[in-house]
Amino acid sequence: MGRWQDMTQEELEKQYAPSRWSHRMEKEAVIEAHVREVTEGTRRAQATMQTLLHVPYGGSDGEKLDIYLPTDPSGGKWGEAGAGDESKRSWKNREEGSGGNMPCLPAYPLLFLAAFPLVLYIHGGYWQFLSKEVSGFIAPPLVTHGIAVAAVGYDVAPKGHLDVMVAQVRRSVAFIVQQYSKTSGIYLCGHSAGAHLAAMVLSTDWEEYGVTPDIKGAFLVSGVYDLEPILHTSVNNLLRVSREVAQRNSPVLCMTAATPARKACEVLIAVAQHDSPEFHRQSQEYFQALRSAGWSVSLLDIADTDHFDVIEKLSQWGYILTQTPRCSDQGPPTCCLQESCSLTFQVILNMISRA
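Note that residues are indexed from 1 along each chain, following the sequence as it is written. Given that the model is predicted, a residue must reach a pLDDT of at least 70 before its local features are reported, and side-chain atom pairs must reach 80 or more before they are shown or counted; all residues, however, enter totals for whole chains, interfaces and linings. Heavy atoms from the whole structure form the basis of all side-chain values; hydrogens and water molecules are not counted.

Participant: What's the story with the overall build of the chain in this structure? I'm lost.
Facilitator: The helix and strand inventory of the chain stands at 13 helices and eleven strands. Within the chain, the fraction of its 355 residues that count as buried is 56%. A contact between two residues is defined here by any heavy atoms of the two lying within 4.5 Å. Counted over contacts in the chain with a minimum sequence separation of 6, partners at least 24 positions apart contribute 75%. Here the accessible surface of atoms and residues is derived via Shrake-Rupley with a 1.4 Å probe, and residues count as covered only by protein chains that are part of the display. Accessible surface for the chain amounts to roughly 14,500 Å². Of this, 49% is attributable to carbon and sulfur atoms. Helix and strand assignments come from DSSP, with helices taken as H or I runs of at least 4 residues and strands as E runs of at least 2, each series counted from the N terminus. Think of it in three bands: with a 1.4 Å probe and only protein chains considered, a residue is buried below 20% of the maximum accessible area for its type, exposed above 50%, and partly exposed in between.

Participant: Got a minute to help me understand the nonpolar core in this structure?
Facilitator: Most often, soluble globular proteins have nonpolar side chains that are buried together. Only buried residues count toward a nonpolar core. Its members are Ala, Val, Leu, Ile, Met, Phe, Trp, Tyr and Cys residues joined through side-chain atoms within 4.5 Å. In terms of nonpolar packing, the biggest core is built from 68 residues, with Trp-127, Leu-188, Leu-202, Leu-220, Val-267 and Ile-269 touching the most fellow members. Looking at this core element by element, the count peaks at nine residues for helix H6 (residues 162-179). Excluding residues that lie within four positions of it along the chain, Leu-202 makes contacts with Leu-188, Ile-215, Ala-218, Thr-256, Arg-262, Cys-265, Val-267, Tyr-286 and Trp-295.

Participant: Is there a simple way to explain the packing of aromatic side chains in this structure?
Facilitator: How two aromatic rings sit relative to each other is set out by the distance from centre to centre and by the angle between their planes. Ring pairs shown here join Phe, Tyr and Trp side chains whose ring centres sit within 6.5 Å, with only the six-membered ring taken for Trp; geometry is labelled stacked below 30 degrees between planes, edge-to-face above 60, and tilted in between. Applying the stated criterion to the full structure yields six aromatic pairs. Criterion for a charge above a ring: Arg CZ or Lys NZ at most 6 Å from the ring centre, at most 35 degrees from the ring normal. Over the ring of Trp-21 we find Lys-14, and its NZ or CZ is 5.0 Å from the ring centre.

Participant: Is there a simple way to explain the pattern of salt bridges in this structure?
Facilitator: One side chain can pair with another of opposite charge once the charged atoms of both are near each other. Any Lys or Arg side-chain nitrogen found within 4 Å of a carboxyl oxygen on Asp or Glu counts as a salt bridge. All chains considered together, the criterion is met by 14 salt bridges. In this structure, Glu-228 engages Arg-243 in a salt bridge whose closest nitrogen and oxygen atoms are separated by 3.0 Å. Taken together, the residues span a long stretch of sequence, with Glu-228 in the loop between strand S6 (215-221) and helix H8 (236-239) and Arg-243 in helix H9 (residues 243-248) at a distance of 15 residues. Here Arg-248 makes a salt bridge to Glu-244, at a shortest N to O gap of 3.4 Å. With Arg-248 and Glu-244 both in helix H9, this residue pair falls four residues apart, about one helical turn. Residue Arg-248 is classed as partly exposed on the basis of its relative accessible area, which comes to 40%. Several salt bridges converge on common partners, so that one network encompasses Arg-24, Asp-306, Asp-309 and Lys-313.

Participant: Got a minute to help me understand the side chain of Thr-305 in this structure?
Facilitator: Position of Thr-305 relative to the elements: it lies in the loop between strand S8 (296-302) and helix H12 (309-314). Within the structure, the side chain of Thr-305 is placed 2.8 Å from the backbone oxygen of Ile-302, a separation counted as a polar contact. Ignoring sequence-local partners within four residues, the contact set of Thr-305 consists of His-23, Ala-272, Gln-273, His-274, Val-310 and Lys-313. For this analysis, a polar contact is any N or O atom pair within 3.5 Å, provided that within protein one partner can donate a hydrogen and the other can accept it, and provided that sequence-adjacent residues contribute only side-chain to side-chain pairs.

Participant: Is there a simple way to think about helix H7 (residues 193-202) in this case?
Facilitator: Helical geometry note: an α-helix holds 3.6 residues per turn, so side chains three or four residues apart project in the same direction. The buried fraction of H7 amounts to ten of the ten residues, a majority that puts the element mostly inside the structure. Of all the positions in H7, only Ala-193, Gly-194, Ala-195, His-196, Leu-197, Ala-198, Ala-199, Met-200, Val-201 and Leu-202 are classed as buried.

Participant: Got a minute to help me understand the pairing of strand S5 (residues 186-191) in this structure?
Facilitator: Looking down a regular strand, the side chains alternate between one sheet face and the other. Counting buried residues along S5, six of its six residues qualify, which places the element largely inside the surrounding structure. Of the two faces of S5, both are covered, the one formed by Ile-186, Leu-188 and Gly-190 as well as the one formed by Tyr-187, Cys-189 and His-191. Strand pairing follows a simple DSSP-based rule, namely that at least 2 bridges must link the two strands. Direction of pairing for S5 relative to S6: parallel, over a ladder of six bridges. Its bridge partner being in S6, Ile-186 is matched across the sheet by Ile-215. The handedness of a crossover follows from its direction of travel: if, with the strands pointing away from the viewer, the path from the first strand over the helix to the second runs clockwise, the crossover is right-handed. Note on the crossover from S5 through H7 to S6: the handedness is right-handed.

Participant: Would you explain unusual backbone geometry in this entry?
Facilitator: Apart from glycine, the bulk of residues carry a negative phi angle, and the bulk of peptide bonds sit in the trans form. A cis amide bond links Ala-157 to the next residue, Pro-158, at an omega of 10 degrees. As for its position among the elements, Pro-158 is in the loop between strand S4 (148-152) and H6. Of note in this structure, Arg-240 is not a glycine but carries a positive phi near 55 degrees. Positionally, Arg-240 belongs in the loop between H8 and H9.

Participant: Would you mind going over the side chain of Lys-64 with me for this structure?
Facilitator: Locating Lys-64 in the fold gives a position in strand S2 (residues 64-69). Although buried, Lys-64 forms no salt bridge, and the nearest oppositely charged side chain, Asp-61, lies 4.5 Å from it. Positive charges come from Lys and Arg, negative ones from Asp and Glu, while His and the chain ends are left out of the count.

Participant: What is the right way to look at the packing of H6 against H7 in this model?
Facilitator: The angle between the axes and the distance between the axes are what describe a pair of packed helices. The contact between H6 and H7 brings their axes to 9 Å, and the two run at 65 degrees. Handedness of the crossing formed by H6 with H7: right-handed. Contacts between H6 and H7 pair Leu-162, Met-165, Val-166, Val-169, Arg-170 and Val-173 from the former with His-196, Leu-197, Met-200 and Val-201 from the latter. Polar here means any residue outside two lists: the nonpolar Ala, Val, Leu, Ile, Met, Phe, Trp, Tyr, Cys and Pro, and the charged Asp, Glu, Lys and Arg; Gly therefore counts as polar. Taken together, the residues of the contact of H6 with H7 sort by class into eight nonpolar, one polar and one charged. Lines fitted to C-alpha atoms define the axes, with helix axes restricted to the stretch in contact, and inter-axis angles between N-to-C directions lie between 0 and 180 degrees. Handedness of a crossing is defined here by the sense of rotation of the near helix relative to the far one, left-handed for an anticlockwise turn of less than a right angle and right-handed for a clockwise turn.

Participant: What's the story with the environment of Asp-301 in this structure? I'm lost.
Facilitator: When you line up the elements, Asp-301 lands in strand S8. Given a relative accessible area of 16%, Asp-301 falls into the buried group. Counting along the chain gives 28 residues from Asp-301 to Gln-273, while the straight-line C-alpha distance between them is 5.8 Å. Here the side chain of Asp-301 touches Gln-273 through a polar contact of 3.5 Å, landing on its backbone nitrogen.

Here you go:
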């Protein structure tokens, strides 16, 4: 495949239209199926798990987290509080019981999360679609194994500008660090546009935020790491991103040398077999840039998946990563799937065990 700069408008448009590359369904059907899958998965998660919903990490209406909680390390479940024990009521219940006024964070969650690793999940949707309200589908296999999950909300376009989105996701990490400082580590997980935002978190100058996050791992799935090609597609009709904005928000151009703390962060870049050649190129080039800068990074090509079911399968029981190779000079390895447990859980668990 030639350079994106040499492609016709029609070719470039197709390269950055993930639904046109699905091997399972037509382009409209695959998007509808994906929305249905993540919506139903989130509904099931919220019906069966202990949660703190709509936790504000900033002043904007979009700056909220949905937190999915594992079992209390003392053996109880979230919400198994004695009579009058206000600190163990869920955020949602506290909010509803306060007449809509936003309460201060209850003390119990701060203590509760101290014993657990925390996965921060950043949704995709080309920076203009989806939300944290349909991001809980990823939580069940992680929470079941003692890992807390926080789904990040951010202001998508047209309300949100790309600079704003990047700043919001960074603020969500700073909030987690400030409020839950004794977690056993933060692990980023982002899909599509969410993988881009997670990658931007890795390039953050944390002095500006007054925190030092203990980010131990990042799992980036089917992301875009160089935004300039996007400027020349219909994706930018709503985003309205300039070349200057694209350059300062392109992870591959914001590369920072790996400090000792960053070397300890394990990055896994995954791309679906049936993602477009441009998505494969983007993942390969970001992998190479991270490796050249001294980061600990691996690249996986996930077999028999497209841009949409790659994240669906990564959160379902029945799939496991059977090999997580280290960096390879022979190109990206192919991930083998077999029945066992959630691939996302297995990847995060591997990161946690090596931390």
